[in-house]
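# Summary of the model geometry
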Amino acid sequence: KVDSKFCVVRFGNVLNSSGSVIPIFKKQIEEDNFVTITSADMVRYFITMEEAANLIFKAAKIMEGNEIFILKMKALRIIDLANVLVEGLASRYGKDPKKFKYNVIGVKKGEKISEALMTKEEAEHVREYDNLFIINTSYWSYTHKLQNTKKLSSSEYNAADARLLTKKEIKELLKKDRIL
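These lines cover the structure that appears in this document, whether it is placed above or below. These numbers were taken from a predicted model, which means no experiment stands behind them.

## A word on the packing of aromatic side chains
In the structure shown here, the tally under the stated rule is zero aromatic pairs. Positioned over the ring face of F133 is K72, at 5.2 Å from the centre of the ring.

## Considerations on the pairing of strand β3 (residues 34-37)
The alternating pattern of β3 places V35 and I37 on a buried face and F34 and T36 on a face that is not buried. Strand direction decides the pairing type here: β3 and strand β7 (residues 101-104), joined by four bridges, are parallel. Bridge pairing in β7 links T36 to N103.

## As for the packing of helix α1 (residues 21-31) against helix α3 (residues 78-89)
Two elements in contact, α1 and α3, have axes separated by 10 Å at closest approach and are oriented at 45 degrees. In terms of orientation, α1 lies oblique with respect to α3. The hand of the α1/α3 crossing is right-handed. Taking contact as the criterion, the partners of V21, I22, F25, K26 and I29 in α1 are, on α3, I78, L81, A82, L85, V86 and L89. Considered class by class, the residues forming the contact of α1 with α3 number ten nonpolar, no polar and one charged.

## Some words on the pairing of strand β10 (residues 132-136)
Most of β10 sits inside the fold, with five of its five residues counted as buried. Of the two faces of β10, both are covered, the one formed by L132, I134 and N136 as well as the one formed by F133 and I135. In this structure, strand β5 (residues 67-71) lies alongside β10, joined through five bridges in antiparallel fashion. Looking at β10, one finds that I68 is bridged to I135.

## A few points about helix α2 (residues 49-62)
Under the 1.5 Å per step criterion, the end-to-end length of α2 is 20 Å for 14 residues, consistent within 8% with the ideal 20 Å. Along α2, the residues that are buried comprise A52, L55, A59 and I62. The arc that holds the buried residues of α2, viewed along the axis, is 110 degrees, so those residues lie on one side. Pointing more than 90 degrees away from the buried face of α2 are the exposed residues E50, F57, A60 and K61. The inward-facing, buried residues of α2 contact β1 (7-10), β2 (13-14), β4 (43-47), β5, β9 (126-129) and β10.

Conventions used here
Residue positions within a chain follow its written sequence, with the count starting from 1. Two thresholds apply to this predicted model, a pLDDT of at least 70 for residue-level local features and 80 or more for giving and counting side-chain atom pairs, whereas whole-chain, interface and lining totals are computed over all residues. Excluding hydrogens and water, the side-chain figures rest on all heavy atoms present in the structure. Each Phe, Tyr or Trp ring, with Trp reduced to its six-membered ring, pairs with another whose centre is within 6.5 Å; inter-plane angles below 30 degrees give stacked pairs, above 60 give edge-to-face pairs, and intermediate values give tilted ones. We count a charge as sitting over a ring when the NZ of a lysine or the CZ of an arginine lies within 6 Å of the ring centre and within 35 degrees of the ring normal. Only protein chains enter the area calculation, which uses a 1.4 Å probe; residues under 20% of their type maximum are buried, those over 50% are exposed, and those in between are partly exposed. Only DSSP runs of H or I with at least four residues qualify as helices, and only runs of E with at least two residues qualify as strands; both kinds are numbered from the N terminus onward. At least two bridges found by DSSP between two strands are what make those strands a pair. Lines are fitted to the C-alpha atoms to define the axes, a helix being fitted only along its stretch in contact, and any angle between axes, read from their N-to-C directions, falls within 0 to 180 degrees. Orientation labels follow simple angle bins: below 35 degrees gives roughly parallel, above 145 gives roughly antiparallel, 65 to 115 gives roughly perpendicular, and whatever is left gives oblique. By definition, any crossing whose near helix is turned counterclockwise from its far helix by less than a right angle is left-handed, and any crossing with a clockwise turn is right-handed. The criterion used for residue contact is that any of the two residues' heavy atoms lie within 4.5 Å. Think of it as three bins: nonpolar holds Ala, Val, Leu, Ile, Met, Phe, Trp, Tyr, Cys and Pro, charged holds Asp, Glu, Lys and Arg, and polar takes everything else, Gly as well. Expected span of a helix: the number of residues minus one, times 1.5 Å. Along the arc lie the directions from the helix axis toward the C-beta atoms.

Now the structure itself:
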């Protein structure tokens, strides 16, 4: 008999990963004089590759089983990310950042302007710990073995309600992660 425990980590967009918008923007900056944006209002959570790996290791260390671990992440407007990338990369390719255009294509069917990483239903069963939210998927009087957890004070973890990173903060994050 094997006793197995499982947990899930949930996070936003991983900066500069294969599924990230950053490689697409970088290619457009290098090859074109425009960057394609879904919507100027689009807001997303972002996490660095290091933060994603650390979340996985931390969750594995503190899990009891049946939890979802969500890192408290930074949020930003995609248009701000695109602006910072254009300002930081265009001159590398002999282009004038002030001449770049933004091709706004509109929100796709089923796509949301801001992402929610925790629903209102889940928020009723979540505990906050350090820089994490911990959701027990069993949904009954859940108290994690960790000390200093507390019930969540909001009803949802949604990028629309988050403090958005400034362009300066985005630039610092991209430099720290060696993207700029």
